[in-house]
Protein chains: 2
Amino acid sequence: MNAKTSSLPAERKRGSGVKLVYDMLRDEILKLTLPPGSPVDEVQLAERFGMSRTPIREALVRLASEGLVETLPNRSTLVSNIDVLNLHTFFDAITLMYRVTTRLAAQHHRSEDLVAIRAQQAKFAAAVAMQDALAMISTNRQFHAAIAEAGRNPYYYGLFVRLLDDGRRILRLYYQSFDDRLPEEYVHEHEDMIAAIAARDIARADTLARAHADQIVRQIQRLFAADTRQDIPL
Amino acid sequence: MNAKTSSLPAERKRGSGVKLVYDMLRDEILKLTLPPGSPVDEVQLAERFGMSRTPIREALVRLASEGLVETLPNRSTLVSNIDVLNLHTFFDAITLMYRVTTRLAAQHHRSEDLVAIRAQQAKFAAAVAMQDALAMISTNRQFHAAIAEAGRNPYYYGLFVRLLDDGRRILRLYYQSFDDRLPEEYVHEHEDMIAAIAARDIARADTLARAHADQIVRQIQRLFAADTRQDIPL
DNA sequence: AGTATGCAACTTGTCGACATAAATCCAGCG
DNA sequence: CGCTGGATTTATGTCGACAAGTTGCATACT
């Protein structure tokens, strides 16, 4: 609303339009700037980005195929809801992906992968040190995505980043509704995971990944439990 | 080429265009009617389907986001290649998904799921009985997709169907280059899996799924090993 | 007064056309 | 004879406009 997120309609390079819109919308959806369920108007976006509806539509098709927006035929397209009821499927899948990608990273990583992973971990530690919840959320995703990339399995990588993105929305929901109590132990857990990967200790990488996932799952579950509990004195 | 796969340009319902093109192209890609690496021309498709380029493009964007086609900026878009070099990542992922989805089906299935699974299994058995390799490939996919659906985890389901589709292309490659020697033991393995799921025996479901996956993986590996081996007498 | 019906405004789906970036071809030069 | 450079050609990316479907409101009818 205020401080219009205007993008100056300066001339873009041919073909950059769709990617621009896609990245922008994706980021706003994951940051909950576009809240779940809110309608996405094509002409509005068209004039906001200073382009025609065609590239907007292509970006929306991409977002729809990734499940970030839902498009009702001949009606509006909406930002997808966060399915709070089926969170257990999310927990199950992300725990498995944490384990599998970390194991594979321990097996297949090369030296340059460790550099990338450590760089992301540095950014993550900085975000935690500054108590910047938003930066922590996105750098945490980058950290684990880097590990998944070192595992060199595009199938796992694709599912994992999708899960991490969904997790970004959920975590964002968490940190905006509660005071930011940032868990520093994540930093140490990350360090341990890096060490296990570097040592190619697959069993230990698996154990750490599972513990890390359990940690995160429990924290989110605590949130939702606390959220729905009514404090009735008896 | 011959027997033109023309679709009469009769008037379609508004909004059905994209889905039509998407389903058609997807099927042709998976059946290798459109071989990997072949270019996909927009105007050609446009006149073939009797519609404008716009819906064609949207279908291509969807296919691209699923990895079935690759679109080079400002250049042509090609049918994705089958990455023979990195087949092990495919084997690894599909084995895990076989196991996970079958386990979850044993846990969460309802009675109507078993009906759907048995229906697909019947079609699969019929295809094997008729020695119809193509029908076997697609019914096999439907069978395992039904199991995955019974597991009720959309994340796993999404990855699994993607893997099964990639597998469809690989198998198709197999059965068109070799004589069709259809393994009947798959039918029995499927039956055993259904029994384990119905009995909610998670451990047995896991074991069977792993064995089934190993079976398929070994068969494909045998193919590629035989394909590259040169028969040099010493 | 409440409900059904028709009109109007808006949004999406599709179209044909234009602008632009690669690929190709041809000519000129070394 | 081969290489470089520009014009041509082809296909993509984008645009503005039209058509069809949907929503909401106003009006009329029971």
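Placed above this text is the structure.
Residues numbered from 1 in each chain as written. Chains lettered and ligands numbered in written order. Predicted model: local features only at pLDDT ≥ 70, side-chain atom pairs only at ≥ 80, totals over all residues. Heavy atoms only, no water.

### As for the relation of the copies chain A and chain B
No. 1: With an axial shift of 0.1 Å and an RMSD of 0.1 Å, the rotation relating chain A to chain B amounts to 180°. In symmetry terms, the pair is related by a two-fold rotation axis.
No. 2: Mapped onto chain B, 100% of the interface residues of chain A are again interface residues, and the two copies thus contact each other with one and the same surface. (Least-squares fit on C-alpha atoms with pLDDT ≥ 70 in both. Contact = heavy atoms within 4.5 Å.)

### Focus: the interface of chain A and chain B
No. 1: Contacts between chain A and chain B engage 23 residues on the former and 23 residues on the latter.
No. 2: Taking both sides of the interface into account, the surface hidden between chain A and chain B amounts to around 2,200 Å²; carbon and sulfur atoms contribute 59%.
No. 3: Considering only the side of chain A, the residues that lose the most area to chain B are Glu58, Tyr155 and Tyr156 of chain A, jointly responsible for 28% of the buried surface there.
No. 4: In this structure, the connection of chain A to chain B is made through two salt bridges.
No. 5: The interface formed by chain A and chain B contains ten residue pairs in polar contact (both at pLDDT 80 or more).
No. 6: Among the secondary structure elements, those contributing two or more residues to the side of chain A that touches chain B are helix 3 (53-65), helix 4 (87-108) and helix 7 (154-177) of chain A. (Buried area = accessible area lost by both parts, 1.4 Å probe. Salt bridge = Lys/Arg side-chain N within 4 Å of Asp/Glu carboxyl O. Polar contact = N/O pair within 3.5 Å; in protein donor to acceptor, adjacent residues only side chain to side chain. Helix = DSSP H or I, 4+ residues; strand = E, 2+ residues; numbered from the N terminus.)

### Some points on the layout of surface pockets
No. 1: Approximately 1,000 Å³ is the volume attributed to the second largest pocket.
No. 2: Arg57 and Thr71 of chain A together with Gly15, Val18 and Glu58 of chain B are, among the 29 residues lining the second largest pocket, the residues nearest its centre.
No. 3: Taken together, the elements giving at least two residues each to the lining of the second largest pocket come down to helix 2 (42-49), helix 3 and strand 2 (69-71) of chain A together with helix 1 (16-30) and helix 3 (53-65) of chain B.
No. 4: Considering each element in turn, the lining of the second largest pocket owes the most residues, five residues, to helix 3 of chain A.
No. 5: Partitioned by chemical class, the residues of the lining of the second largest pocket number eleven nonpolar, eight polar and ten charged. (1 Å grid on protein atoms, 1.4 Å probe; cavity = no way out; pocket = protein on both sides within 12 Å on 5 of 7 lines; lining within 4 Å. Points joined across faces, edges and corners; volume = space filled by probe spheres on them. Nonpolar A, V, L, I, M, F, W, Y, C, P; charged D, E, K, R; others polar.)

### Here's the deal with the nonpolar core
No. 1: Met97 of chain A together with Met97 of chain B are the most contacted members of the largest nonpolar core, which totals 74 residues.
No. 2: Setting aside chain neighbours within four positions, we find Met97 of chain B in contact with Leu96 and Met97 of chain A together with Tyr156, Leu159, Phe160 and Leu163 of chain B. (Core = buried A, V, L, I, M, F, W, Y, C linked by side-chain atoms within 4.5 Å. Buried < 20%, exposed > 50% of the residue type's maximum accessible area, 1.4 Å probe, protein only.)

### Overview of the protein's contact with DNA strand D
No. 1: Close to DNA strand D lie 20 residues; Arg14, Ser52 and Arg75 of chain A together with Arg53 and Arg57 of chain B are nearest.
No. 2: Within the side chain of Arg14 of chain B, a nitrogen or oxygen atom sits 3.3 Å from a sugar or linking oxygen of DNA strand D.
No. 3: With respect to DNA strand D, the side chain of Arg53 of chain B contributes an N or O atom lying 2.9 Å from a base nitrogen.
No. 4: Among the elements of the structure, helix 1 (16-30) and helix 3 of chain A together with helix 3 of chain B are those that each provide at least two residues to the surface near DNA strand D.
No. 5: Among the residues forming the surface near DNA strand D, the class breakdown is four nonpolar, seven polar and nine charged. (Near = heavy atom within 4 Å.)

### Description of the environment of Gly151 of chain B
Residue and element names in this part refer to chain B.
No. 1: Mapping Gly151 onto the fold places it in helix 6 (residues 133-151).
No. 2: Residues Gly151 and Asp113, spaced 38 residues apart in sequence, show a C-alpha to C-alpha distance of 9.3 Å.
No. 3: Discounting residues that sit within four places of it in the chain, Gly151 has contacts with Leu104, Ala105 and His108.

### With respect to the sheet that holds strand 3 (residues 77-79) of chain A
Residue and element names in this part refer to chain A.
No. 1: If you walk across this open sheet you meet the three strands as 1-3-2, and the pairing is antiparallel. Since the sheet does not close on itself, it has two edges, and those belong to strand 1 (39-40) and strand 2, each with one partner.
No. 2: Sheet analysis places strand 1 next to strand 3, joined by two bridges and oriented antiparallel. Among the inter-strand pairings, Pro39 is bridged to a residue of strand 3, identified as Leu78. (Pairing = 2+ DSSP bridges.)

In short, geometric facts, not functional conclusions.
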